[in-house]
Amino acid sequence: QGQLVESGGGLVQAGGSLRLSCAASGRVFRVNTMGWYRQAPGKQREEVATIISGGSPNYADSVKGRFAISRDNAKNMVYLQMNSLKPEDTGVYYCTADVRTAIMSPVYKWWGQGTQVTVSS
């Protein structure tokens, strides 16, 4: 029906910045909440930041003041600006979107394929 495609991961030194992007494509009628999760090696996946259409963002305590989530509703895109990166921010970052594919469809939670972020000390 559709997909989320992420970009922008990579290797950066501690204190540096990266910007992740994610685009929803395919059969999209409306996108509600969009967000970012991450999974570090050997750890469970955790929520990093979410944003609803027209609403305020929410952040995990570990990234407050350093990360900023934003979205472009016209393009069905979500972004994550990551500043002051720390080695503990290393992991695979996944984009998510709660999508209606038609006016009366259920809401489906889509996941991106993940993009690797590595922060060296």
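It should be noted that the structure appears before, not after, this text.
Residues numbered from 1 in each chain as written. Predicted model: local features only at pLDDT ≥ 70, side-chain atom pairs only at ≥ 80, totals over all residues. Heavy atoms only, no water.

(A) The overall build of the protein, seen in detail. From N to C terminus, the protein includes zero helices and 11 strands. Its helices and strands taken in sequence order, the protein reads β-β-β-β-β-β-β-β-β-β-β from the N to the C terminus. Projected onto its principal axes, the C-alpha positions of the protein cover 50 × 25 × 25 Å. Across the 121 residues of the protein, 41% fall into the buried class. In the protein, 57% of the contacts between residues at least 6 apart in sequence involve partners at least 24 apart. Here the protein displays about 6400 Å² of accessible surface, and carbon together with sulfur accounts for 48% of that area. The averaged location of the 8 negative side-chain charges in the protein is 6 Å from the averaged location of its 13 positive side-chain charges. (Helix = DSSP H or I, 4+ residues; strand = E, 2+ residues; numbered from the N terminus. Buried < 20%, exposed > 50% of the residue type's maximum accessible area, 1.4 Å probe, protein only. Contact = heavy atoms within 4.5 Å. Areas by Shrake-Rupley, 256 points an atom, 1.4 Å probe, with all protein chains shown as cover. Lys, Arg positive; Asp, Glu negative; His and termini not counted. Charge placed at Lys NZ, Arg CZ, Asp CG, Glu CD.)

(B) Main features of the side chain of R71. Positionally, R71 belongs in strand β7 (residues 67–72). Salt bridges are absent for the buried R71, whose nearest opposite-charge side chain, D72, sits at 8.1 Å. Of note is the side chain of R71, whose polar atom sits 3.2 Å from the backbone oxygen of V31. (Salt bridge = Lys/Arg side-chain N within 4 Å of Asp/Glu carboxyl O. Polar contact = N/O pair within 3.5 Å; in protein donor to acceptor, adjacent residues only side chain to side chain.)

(C) Highlighting the packing of aromatic side chains. On inspection of all chains with the given rule, the structure shows two aromatic pairs. On the numbers, 6.4 Å between centres and 75 degrees between planes, the contact of Y94 with W111 is edge-to-face. Residue Y94 is found in strand β9 (residues 91–100), and its partner W111 is found in strand β10 (residues 107–111); the two are separated by 17 residues along the sequence. Sitting over the face of the ring of Y94, R45 holds its NZ or CZ atom 3.8 Å from the ring centroid. (Phe/Tyr/Trp six-rings, centres within 6.5 Å; stacked < 30°, edge-to-face > 60°. Lys NZ or Arg CZ within 6 Å of the ring centre and 35° of its normal.)

(D) Region of the structure containing the pattern of salt bridges. In the structure shown here, the tally under the stated rule is five salt bridges. Residues R38 and E46 are paired through a salt bridge, measuring 2.7 Å at the closest nitrogen-oxygen approach. A relative accessible area of 6% places R38 in the buried class. Salt-bridge contacts for D89 lead to R66; the nearest nitrogen and oxygen are separated by 2.7 Å. In this pair, D89 is assigned in the loop between β8 (77–82) and β9 and R66 in the loop between β6 (57–59) and β7, connecting sequence segments 23 residues apart. Taken as a pair, D89 and R66 share a single burial class, namely buried.

(E) Up close: the sheet that holds strand β1 (residues 2–7). Pairing is antiparallel in the open sheet, where four strands are placed in the order β1-β3-β8-β7. Both outer strands of the open sheet, β1 and β7, are each paired with one neighbouring strand and no more. If you compare each strand with its neighbour and ignore which way they point, the axes differ by 15 degrees on average. Strand direction decides the pairing type here: β7 and β8, joined by six bridges, are antiparallel. Across the sheet, residue A68 finds its bridge partner in β8, namely Q81. (Pairing = 2+ DSSP bridges. Axes fitted to C-alpha atoms, helices over the stretch in contact; angles between N-to-C directions.)

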